[in-house]
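Chain by chain, the residues:
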Amino acid sequence: MVALPLQAKKGDGHLFIIGGGDRPDSLMTQFVDLAGGQKKAKILIVPYASADINDTGSYQKEGFQRLGVKDVDYIHVEKKDIDTPEALKQLDGVTGIFFSGGDQNRLTQLLLGTKFLEKIKKIHADGGVIGGTSAGAAIMSKIMLTGEELNAPEKRKGDFSYIQKGNVEVTEGFGFVDNAIIDQHFVIRKRENRLLTLVLEKGLTGIGIDEATAIIVDTNGKFRVAGHSQVLVFEPKAPTEVTHTNHLKTKELTLRILTAGDEYQIK
């Protein structure tokens with residue numbers, strides 16, 4: 001399926017949430033189109049999830065330049081300087097923000113509660129596109145997975161072998177999506193258990209995005225799938241119960257498996 005170009009209008013911002021892995025040109029050109037196209041887009045990369053900010057920033061900058069973007073840069077300032085006039089000025093005129101992969105906890109520790117993040121949200125409200133991959137996808141939802149498992153035996157920790165109450169650690173994300181929980185690398189890393197745990201605990205829709213795949217979300221919460229793999233959507237339909245062994249159960253749950261071109265309305 002050939003994706004039609006998308007053009008954002010003022011007040012018509014989008015989220016471009018990639019599940020990690022490869023970012024094929026056919027996917028990233030859609031991000032560029034939403035940011036205004038090769039000639040009009042002004043893109044700022046936020047590579048703070050990475051352990052090597054300069055390496056990641058310059059690599060992703062080169063990727064956008066290869067796609068024909070003329071105005072692209074990345075930010076690299078210390079945490080204490082993120083709200084300085086110089087740092088905030090880098091957001092002036094920006095039409096697209098791209099959060100890199102890595103560790104989502106680095107991103108939230110740096111940006112939550114800052115003027116810098118508030119200005120990014122204003123860019124989205126004014127019609128810009130906010131994108132991210134892997135860790136940059138995890139931060140999109142208000143309830144964010146940290147990647148840590150809490151109650152498993154040490155030898156099983158990180159496997160997420162259980163669907164139990166209180167087993168999946170979460171913290172506050174950036175809240176671009178507040179009525180669903182986002183997970184990434186979803187199919188290839190078999191992350192159903194950890195997302196199902198949160199869907200049952202929180203009573204929210206769970207959206208698991210596989211690698212080389214994105215959801216493109218409009219301001220009404222409707223998304224279209226783009227890319228090479230699948231997006232799994234878990235919808236709780238009945239109350240959750242907790243057994244005496246702390247396992248979670250429900251009598252009804254809907255699973256949707258979506259591929260490129262499919263659409264879904266987040267409720």
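The notes below deal with the structure included here. (Residues numbered from 1 in each chain as written. Predicted model: local features only at pLDDT ≥ 70, side-chain atom pairs only at ≥ 80, totals over all residues. Heavy atoms only, no water.)

## Regarding helix α7 (residues 192–202)
Formally: Residue exposure (1.4 Å probe, protein chains only): buried if accessible area is under 20% of the type maximum, exposed if over 50%, otherwise partly exposed. Going along the chain from the N terminus, every DSSP run of H or I of four or more residues is numbered as a helix, and every run of E of two or more is numbered as a strand.
Taken residue by residue, α7 has R194, L195, L196, T197, L198, V199 and L200 as its buried positions. Positive phi shows up at G203, right after α7, with a value of about 70°.

## Description of the pattern of salt bridges
Our working definition: We define a salt bridge as a side-chain nitrogen of Lys or Arg found within 4 Å of a carboxyl oxygen belonging to Asp or Glu.
Going through the model one piece at a time under the given rule, you end up with 12 salt bridges. Between K80 and D81 there is a salt bridge, with the nearest N and O atoms lying 3.2 Å from each other. Between D159 and R156 there is a salt bridge, with the nearest N and O atoms lying 3.5 Å from each other. We classify D159 as partly exposed; its relative accessible area is 46%. R156 sits in the partly exposed class, given a relative accessible area of 32%.

## Things to note about the sheet that holds strand β10 (residues 213–217)
The condition that has to hold: Strand pairing is assigned whenever DSSP identifies at least 2 bridges connecting the two strands. Note on method: axes are straight lines fitted to C-alpha atoms, helices fitted across the in-contact stretch only, with angles between N-to-C directions ranging 0 to 180 degrees.
Strand order in the open sheet formed by 8 strands is β3-β2-β4-β5-β1-β10-β11-β16, with mixed pairing between adjacent strands. Each edge of the sheet is formed by a strand with only one pairing partner; in this case those strands are β3 (71–74) and β16 (263–265). Here the strands of the sheet are splayed against their neighbours by 20° on average, with no regard to which way each runs. Of the strand pairs in this sheet, strand β1 (residues 14–18) and β10 are connected by 4 bridges, and their pairing is antiparallel. Looking at the pairing, F16 lines up with I216 of β10.

## Focus on the nonpolar core
As a rule of thumb, soluble globular proteins bury nonpolar side chains together. The criterion, for reference: We define the nonpolar core as a collection of buried residues of types Ala, Val, Leu, Ile, Met, Phe, Trp, Tyr and Cys that are connected through side-chain atoms lying within 4.5 Å of one another.
Ranked by size, the top nonpolar core spans 45 residues in total, and within it I17, I97, F99, L111, I215 and F223 carry the most contacts. Considering each element in turn, this core owes the most residues, 4 residues, to helix α5 (residues 115–125). Counting 21 residues, the second largest nonpolar core, distinct from the first, contains M28, A35, V69 and F98.

## Things to note about the pairing of strand β4 (residues 96–99)
Going residue by residue along β4, you find G96 and F98 tucked away on one face and I97 and F99 tucked away on the opposite face as well. Sheet analysis places β4 next to strand β5 (residues 129–133), joined by 4 bridges and oriented parallel. Paired with F98 across the two strands is G131, which belongs to β5.

## A word on unusual backbone geometry
Not every positive phi belongs to a glycine, and F160 is a case in point at roughly 50°. Within the secondary structure, F160 is located in the loop between β6 (143–149) and β7 (168–172).

## Describing the side chain of T197
We count it as follows: What makes two residues a contact is simply this: any of their non-hydrogen atoms within 4.5 Å.
Its place among the elements puts T197 in helix α7. Residue class for T197 comes out buried when judged on its relative accessible area of 0%. Apart from the residues lying within four places of it in its own chain, the contact partners of T197 are Y162, I163, Q164, V168 and L248.

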